[in-house]
Structure formats: structure tokens, C-alpha cells
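Descriptive analysis of the structure
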Amino acid sequence: MERSNPEGKPNSTVINASEGNDELNDDGVVNQEGSLVDEITDVMVMRNDELDLRHELPDHSGLSEAEIPVIGMSFDSLPLAQEFYANYAKKLGFVTKVRNTNFDKTRKDAKIPINQSLHCTREGYRESHVKVATRSNRITATRCKARMVELRHSHPCSAEKAVHYHEYRELTKHAKYVITDNDEAGIRPNKTYLALANEVGGPSKLSFSEKDVKNYITRNLRCSDDNEDFQGMMNYFVRMKEINPNFFYAIDVDDDNKFKSALWVDARCRASYEYYGDVVSFDTTYRRNRHGLPFASFIGVNHHGKSTLLGCALLGNEEIPSFEWVFTQWVRCIGTAPKGIITDQCKAMAGAIRKVLPDTVHRWCIWHIMKKTQFKLGGYTRYGELSAMMNHIVYNSPSSESFEVDWAAFIKEFALGQNRWLADLYANRRKWLPIFFKTEFWAGMRSTQRSEQHARILWWIPALQEWFVHKYDNVLGTKEQKELEDDAADSKGAIPCIGSTGIERQFQQEYTSNMFRTLQLEKVFWGKPVYHTFIVQFDPLSQKSRCECNKFESVGILCYHIFAVWSYYRVDTVPSCYVLPRWSKNVIRKYTYIKSIHDVARSNESHNMFRQLCSEFYNVAQEFVACEEEATIL
């Protein structure tokens, strides 16, 4: 074989390849012998004396002779020739293209390629007819004459820069699996990219960009077809039902059998309703998905005083029939309606609750109402004073009578008699003011913020039904893990007592740490300034007590008024009726024996095998990492 001569002599020697093989001739054309070929009219035949002086030979020091194209090289097929030249180009730092392809004229219908002209992508010259200021795509052509047998280029070649050309950017199998796992776990693409970059010592050592990570997620992990999206969600529900028959789901479709709404409840959540289903919050205010379906969640309070998930739904719309369907299916799932429910001020939701949950006390979220204060009243001159007085009346009124008096004084003081928003709030005061709900148990809930916290966990989801339920799957597993950690911490130790009373020690032994800490805060209030006087009824014989503030009835935690009375009468043992099993760390709850279902069917067999092998490799690496000599051998 004769190599392309960079010294200035023409290339004219062709070494014939064996019959049937593809060979490289001196025009840079990969040709298959023994076939009738159309004449190639657009291949630029060029001698060395025609080259511009700027054409330079790239550095071949890092390549072996077998990796450099020479005239007369033969290949078993055209794709192998393309692959050879592409590998050569990547190592030197430029990109190749098939400039033209000729087909066998004797078999035109089959379109069998028999020769190709392989060039550098920067050959030729093109002028843009678009104004420079408005052009976004770059012009890369520089009249480069490089091709299979001409190794000199009219532009610099850089192997370091070439890895960032989009033609060479490629995700490794490891990267694809990491992206898939991280996306399933809710890790954002930019964080995944940074993690992959840290593994190899920086982004410059990766063979892909952050945009490639995002594109992979969009193309491979997202479903753009609505029907396929809904089918994927249905498949998820069926798989979960097969894993645990107690998994519940319901789908609502229209007359054309198109998706409208869905509700699903994990088996563990379903069982936990027995303990935490007395009061729930239901919220749809945070976000909608790509199909315009609001996401809703049922949230309760567990024995640690933390949020627990009791069901999720995607609503067809926010009208009464849609809410009625969701509430009906949810009650069908959990068996009994809750005693209390907190929602926003949605009229359609209120109408559905009246019909489906007639015996459930419905309360508006006070947080949503008070959040609007600045928007509704911010234009008043004395807004600072106005806001402070309104907050004090709303949150600290000791009785409904005192509220009526204080509210009237508030309206008069700031001349708010014509404010329509305040007038509507006053007309519906029994739906949101804390003073009107103090006789019912609410487990410390006054707003739907617990529901919104779960919705925020899902805010970054690309809003596809199938992926929404998968993210719910992940959130549920996280909540379960945190509850297990709290239970483990309580079994290991307890928060120390502030004093030495038997009452405090009794609650320390019985209540979870979070609820015991809440109760201790009541004792801290002793000696603090008193804003209101409450009457505590106390029976010395039974030691039963009742305070006008009704904190125990509404929150489930004794108030400091009762503690003060007990201290005065030297009560040292708490009557059992004031130690609620709901907050106890000693109660065995059946739902804790049920693990949240995690869908593993999404990963294909090779992905699961890759995970398993990586896990084993990490274990091996852990054994050898301490010894540099052993690590080198490994």
C-alpha cells in the first residue's frame, strides 16, 4: 500500500483489493469491484499543487499506521469503511460525512450501494443569505479538501474539542442507567449531570453534555402520546394490584372511553387510615399536569405529628361531578368517611362534600385566607396596624362572643364597612375561624399546607400520568422510611424531662418524641404573660379536668392551664383518658407490617442486571481501596 503523500507528490497509485471487497482509490472513493457503477460527477479531484497553502497535515503521533487511511486499503463492506474513517476523524479532531453514494445500475430497485465518497464535513463553501444578526446556526464550511486519501485540512483539528461535537457526543450505558435511576428518584437533570461529571473528574472528561441528558429523558423516559401515557398508568396500577391485592385504584372515563379522572391508594396507606383517618386535608391548588388535570392528595397526621399520605388523585376538572367521583371512590376504598376535612374555598368542592360526606365537618384552610390579606387590604394607609389587629382577632379570640365584639371594633377602627372581601369572610366565619372548631378534634391541622408540601415534592414532574404515579411511588417510600426512622429513634431513647414531676415522666414514657416535645412547650408557657383568662373545671376525686380553651379536645395535647391546676392540686398521675393512644409510641399498629409497593417492572432485564453487577463491583472495590498495591493489581 502507498500512503497519501504529504510532501507534494501526486497520489496516483492504486493497489487492487481482492474481488468483492471495497477498496480505497486515489479519488477518495470507496469502491466495490465487479459492479457497474454510475459515473461520479461531483467528487472534487485535486492534486497537491492545487491545495491552498493553509491546508495542513494534522498530528498523527498518537495513531498507529494501521489507523491512518492509505490508498489501496480494502474493507469487507462500505459501513466498515465509514466506521474506519469516522474513528480516524474522531481521534484527530474532525467530523466526516458521506458526500455522495452510488448504487448498482443493474439492480436499481434494490438500491444496493457500491461506492461512496467520504469527506470532512467542512468541505465546500456556503454563503448565508440571512442577516448576521438574525442567524443562529453556524456556517462550518471552510473549503476543506480533506477526504479518505487527502489527509490535510484547511482548519485546525483538535481531538479534545471533537468530543464535544454533537456528532461524537454519546451517552454511555452507565450514564443511561444512572440518568434513568435518578430521574425515577426525582433528581433533576442538572444534578445528575454534575454527579456524572464528578465521577470522571469534571465535565470536560464526559463524552456528552447536560443537554444530552435532558434530551435522553425527553426522548426515552417520557411519553408524548396521550393514549400511550394513559395506558402506561393503567399498566402501573395493574402491576401494583398484582403485587398486593389491597392496592386500590379507580379510573373514570367519558362516553368515548377517554380518561377523565383517577384515584389510587397504596395498601399501606389504606391500612394506616384506621389510625390516622379521623381528620384529613384535601388540596388541589398547587399544580396541574400536562393534560390540564389537577393533582389532589388526601393527607392525615401520624403518631409523630407528621404528614402521612392517604391517597392521591388526578381530576378531570374542578367541577362538582369530578369531586363527587373522587370522594365517592375514596370512601369506597377506605370504608368510612373522616370526621373532619380541610380544603380551600372551592365552591364545587364544598358542594361535593355536602353530598358525599354529609356527616363530615368541613373546614376552610385558614392559611389560604390569611395569605390574601396583603393583596386584599394592602392598599390601606394603616395596613401594618390593620393586619396585626386582624391576625390577633382571628387567632387569639377566646370565644365567639369576644370575636364578634372585637371584629366589629376592627371594622369600625379602620373604616372597612364597605370592603366586600371582609364582608364575605364574616358571613362565612363559621367555616374557617378557629374559635368555631375548638370542640372537634383536628390533630393540630388548620390548613391544607400538609397537602401542598406533598404537591411541591412533585412540582418538577413533567406532568405525564404514568410518571406522576411513579413519583407518588417514590414519595410514598420516602415517607415510610422517615416514619421508620422516627420509630427507631423513639425505641432507642427519649427526650429528657424539663422537671421532675411524675406527669412529665408518664408522657415521656408513652408519647413519641415529637408529641412529647409539643407537650413540653405547654409547660414552658408557665410564667409567661397571660392574655386571656380561662376557667378550668377540675374534679379532685376523678382528677378529670376541662379547660375553656379546648386545646385537648381540638389538638389532643393538654394545655398549660390544666397543668397549672394539676400542679396546684399536686396531681402526680395523669388520668388514662388524657393519654391518647393516637400519639403513643407503644401501640402496635398493623399497617407497619405492610411495606409500600415499589414498582420494579419499569426497568428492563439488562438494566436490573447492570444494577446488580455494579453493586457487586462496588463491594469488591471497597475491599481493595485501602491498599494501593492490591487496587493496582485489581
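In this text, all values refer to a predicted model and were calculated from it rather than measured experimentally.

Basis of the calculations
Residues numbered from 1 in each chain as written. Predicted model: local features only at pLDDT ≥ 70, side-chain atom pairs only at ≥ 80, totals over all residues. Heavy atoms only, no water. Helix = DSSP H or I, 4+ residues; strand = E, 2+ residues; numbered from the N terminus. Buried < 20%, exposed > 50% of the residue type's maximum accessible area, 1.4 Å probe, protein only. Contact = heavy atoms within 4.5 Å. Areas by Shrake-Rupley, 256 points an atom, 1.4 Å probe, with all protein chains shown as cover. Core = buried A, V, L, I, M, F, W, Y, C linked by side-chain atoms within 4.5 Å. Disulfide = S-S within 2.5 Å. UniProt positions renumbered as here; feature names shortened; annotations may be inferred. Lys, Arg positive; Asp, Glu negative; His and termini not counted. Salt bridge = Lys/Arg side-chain N within 4 Å of Asp/Glu carboxyl O. Polar contact = N/O pair within 3.5 Å; in protein donor to acceptor, adjacent residues only side chain to side chain. Pairing = 2+ DSSP bridges. Axes fitted to C-alpha atoms, helices over the stretch in contact; angles between N-to-C directions. pLDDT = per-residue confidence, 0-100.

To continue, consider the overall build of the chain. Looking only at helices and strands, one finds 22 helices and 16 strands in the chain. Burial status across the chain gives 45% buried among its 634 residues. Counting contacts in the chain only where the partners sit at least 6 residues apart, residues at least 24 apart contribute 66% of the total. About 34100 Å² of surface is accessible on the chain, with carbon and sulfur atoms providing 51% of the total.

The biggest cluster of nonpolar side chains holds 56 residues, and the ones touching the most others in it are Met390, Phe410, Leu422, Trp432, Phe507, Tyr511 and Trp566. For this core, the secondary structure elements donating two or more residues are α10 (366-371), α12 (383-396), α13 (400-413), α14 (420-427), α17 (502-510), α18 (513-524), β15 (536-538) and α20 (560-568). Ranked by the residues each element gives to this core, the list is headed by α12, at five residues. Of all hydrophobic cores here, the second largest spans 45 residues; its members include Ile299, Leu310, Cys346 and Met349.

A few words now on the state of the cysteines. Such a bond, covalent and formed between the sulfur atoms of two cysteines, is termed a disulfide. Inspection of the entire model under this criterion finds zero disulfides. Here Cys157 stays free of any disulfide, with the sulfur of Cys120 as its closest cysteine sulfur at 6.6 Å. Cys549 supplies the cysteine sulfur nearest to Cys559, a cysteine that is in no disulfide, at a spacing of 3.6 Å. By relative accessible area, Cys559 is classed as buried at 1%.

Attention now goes to the side chain of Asn302. Tracing the backbone shows Asn302 in the loop between β11 (295-301) and β12 (307-314). In contact with Asn302, other than residues within four places in its own chain, are Tyr276, Ser307, Thr308, Glu483, Arg582 and Trp583.

The sites that carry the UniProt feature "domain: SWIM-type" (unreviewed entry) are, in the present numbering, residues 534-570. Strand forms 16% of residues 534-570 and helix 38%; the C-alpha atoms that close the span are 20 Å apart.

This brings us to the side chain of Asp266. By secondary structure assignment, the location of Asp266 is in the loop between β9 (259-265) and α7 (267-276). It turns out Asp266 is buried and unbridged, and the closest side chain with the opposite charge, Arg268, is 6.3 Å from it. Here the side chain of Asp266 touches Arg268 through a polar contact of 2.8 Å, landing on its backbone nitrogen.

The next point concerns the environment of Glu483. Its location among the elements puts Glu483 in helix α16 (residues 465-492). When neighbours within four sequence positions are excluded, Glu483 is seen to be in contact with Arg268, Tyr276, Asn302, His303, His304, Tyr591 and Thr592.

So, on to the sheet that holds strand β8 (residues 248-253). Strand order in the open sheet formed by seven strands is β8-β9-β12-β11-β10-β13-β14, and the pairing between neighbours is mixed. Since the sheet does not close on itself, it has two edges, and those belong to β8 and β14 (361-364), each with one partner. Pairwise comparison of adjacent strand axes, ignoring direction, gives a mean angle of 20° for this sheet. Looking at chain direction, β11 and β12 are connected through seven bridges and run antiparallel. Note on β12: the bridge partner recorded for Ala296 is Ala313.

Another point: unusual backbone geometry. Positive phi, normally seen in glycine, also occurs at Ala443, with a value near 55°. Looking at where Ala443 falls in the secondary structure, it is placed in the loop between α14 and α15 (449-457). Despite not being glycine, Arg570 has its phi angle at roughly 60°, a positive value. Tracing the backbone shows Arg570 in the loop between α20 and α21 (605-624).

Parts of the prediction with low pLDDT should not have their coordinates interpreted in detail. Scored by pLDDT, the chain comes out at a mean of 79, with 76% of its residues at no less than 70. Confidence over residues 33-53 falls short of pLDDT 50; this stretch has 55 contacts with residues more than four positions distant or in other chains. When the criterion is pLDDT under 50, residues 454-464 qualifies, and its contacts beyond four places in sequence or with other chains add up to 36 contacts.

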